[in-house]
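Here are the chains, one letter per residue:
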Amino acid sequence: VSTQSTGDGKSNPMQPNESGALRPATPCDCVVHRSALPDKLFQQLANLPHVPNDQKGRRIKEAHWLAVQNGALANPPSSLVEQVCGYLLEHGGAEVPGEVCGLEWWVHSRAPGEKMHFHFDRDEGCWEREGLMQHPALASVFYISGSGGPTLVVQQQCNREHTMLIPEKAAGGTLLEVDANCWATFDGSLLHGVCNTAQCQKRVPDLELDQPADQDERRITLLVNFWVVEIQDCESMSQELSQDEQWAVSYTHLRAHETPEHLVCRLLLEKKKKNKKEKKRKHNKKKRRKHKNIQISTTKDELHRDNM
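In this text, all values refer to a predicted model and were calculated from it rather than measured experimentally.

About the cut-offs
- Residues numbered from 1 in each chain as written.
- Predicted model: local features only at pLDDT ≥ 70, side-chain atom pairs only at ≥ 80, totals over all residues.
- Heavy atoms only, no water.
- Helix = DSSP H or I, 4+ residues; strand = E, 2+ residues; numbered from the N terminus.
- Buried < 20%, exposed > 50% of the residue type's maximum accessible area, 1.4 Å probe, protein only.
- Polar contact = N/O pair within 3.5 Å; in protein donor to acceptor, adjacent residues only side chain to side chain.
- Salt bridge = Lys/Arg side-chain N within 4 Å of Asp/Glu carboxyl O.
- Pairing = 2+ DSSP bridges.
- Axes fitted to C-alpha atoms, helices over the stretch in contact; angles between N-to-C directions.

### Things to note about the side chain of His135
Thought 1: As for its placement among the helices and strands, His135 is situated in the loop between helix H4 (124-130) and strand E6 (138-143).
Thought 2: Take His135: its relative accessible area is 2%, and that puts it in the buried class.
Thought 3: Here Asp121 takes part through its backbone oxygen, which lies 2.7 Å from a polar atom of the side chain of His135.

This is how it looks when you write it as structure tokens:
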């Protein structure tokens with residue numbers, strides 16, 4: 001598929017056209033980047049204990065906002081997931097618009113066979129307060145696990161009031177099969193969702209989709225959207241992770257990004273712990289030596305009595 005651009009060769013994502021759509025209702029680039037993360041970083045991400053969607057509270061279902069400046073994260077990452085987002089932004093290989101000012105991320109962990117309704121990604125604050133659709137410049141799905149239904153990106157948009165689809169009947173779409181450590185990017189204004197694998201193969205007999213080796217494996221994805229304008233609730237979305245979200249943090253990651261002050265504190269704590277262990281070791285050694293001396297003395301006394 002190809003992207004239609006404006007006359008100057010650059011896309012203008014936030015300007016509605018005559019039909020009311022935010023972008024020309026034409027096919028756009030839908031690209032899959034395989035082996036998107038280095039193996040070590042991907043394994044760290046895959047090993048995190050992701051919270052299933054049905055066990056999340058309302059707070060954890062919300063996305064998180066990261067400010068972007070000059071093509072990189074404006075602030076050092078505070079969690080492993082933020083580190084992954086920064087890597088994808090700078091080294092993932094996607095054509096991220098240069099005017100991007102921030103990104104939002106969230107994680108889905110769904111049961112095998114569970115589908116996701118078709119929807120448009122939008123600025124939820126703008127929709128709730130003004131009733132207008134505001135889409136990200138670029139939407140993306142990073143597949144952490146290698147199972148679950150494929151993502152279907154439809155060549156269909158909506159007007160700003162979300163009262164009509166453009167075109168009314170989609171001309172086609174792109175089916176993205178799930179594969180671990182793959183990153184799919186597409187136009188953020190397009191309709192998309194998750195299909196059920198069995199239903200896809202039933203409706204399209206010639207479609208060949210790989211079946212996961214582990215039928216019980218959850219479909220885990222990291223969703224990252226890139227914005228050229230700040231979304232309305234970006235400040236509240238920039239808050240630190242709650243206690244229930246600490247699964248997103250890695251101790252190895254925190255050590256790699258600790259400040260000099262944090263380094264001093266950690267070294268002092270480790271020194272204190274080491275001194276405590278050393279003190280305990282010496283105490284146990286002294287205790288064993290004393291016990292041994294008592295045994296030796298007792299044996300000598302018994303020998304002396306026997307000789308008498």
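### Description of the pattern of salt bridges
When the charged atoms of two side chains with opposite charge come close together, those side chains can pair.
Thought 1: Tallied over the full model, the rule gives three salt bridges.
Thought 2: Here Arg34 ties to Asp179 by a salt bridge, and the two come within 3.1 Å at their closest N and O atoms. One end of the pair, Arg34, is in strand E1 (residues 31-34); the other, Asp179, is in the loop between strand E10 (173-176) and strand E11 (182-187), and 145 residues separate them in sequence.
Thought 3: When its relative accessible area of 35% is taken as the criterion, Asp179 is described as partly exposed.
Thought 4: The residue Arg129 makes a salt bridge to Asp233 at a minimum N-O spacing of 2.8 Å. Of this pair, Arg129 sits in helix H4 while Asp233 sits in the loop between strand E13 (219-227) and helix H6 (251-256); the two residues are 104 residues apart in sequence, bridging distant segments of the chain.
Thought 5: For Asp233, a relative accessible area of 23% corresponds to the partly exposed category.

### Re the sheet that holds strand E5 (residues 116-119)
Thought 1: Ordered in space as E5-E12-E7-E10, the four strands form an open sheet in which the pairing is antiparallel. Looking at the sheet topology across the chains shown, the edges are occupied by E5 and E10. This sheet shows a mean twist of 10 degrees between the axes of neighbouring strands, independent of strand direction.
Thought 2: In the sheet, strand E7 (residues 151-154) pairs with E10 via four bridges, with the strands oriented antiparallel.

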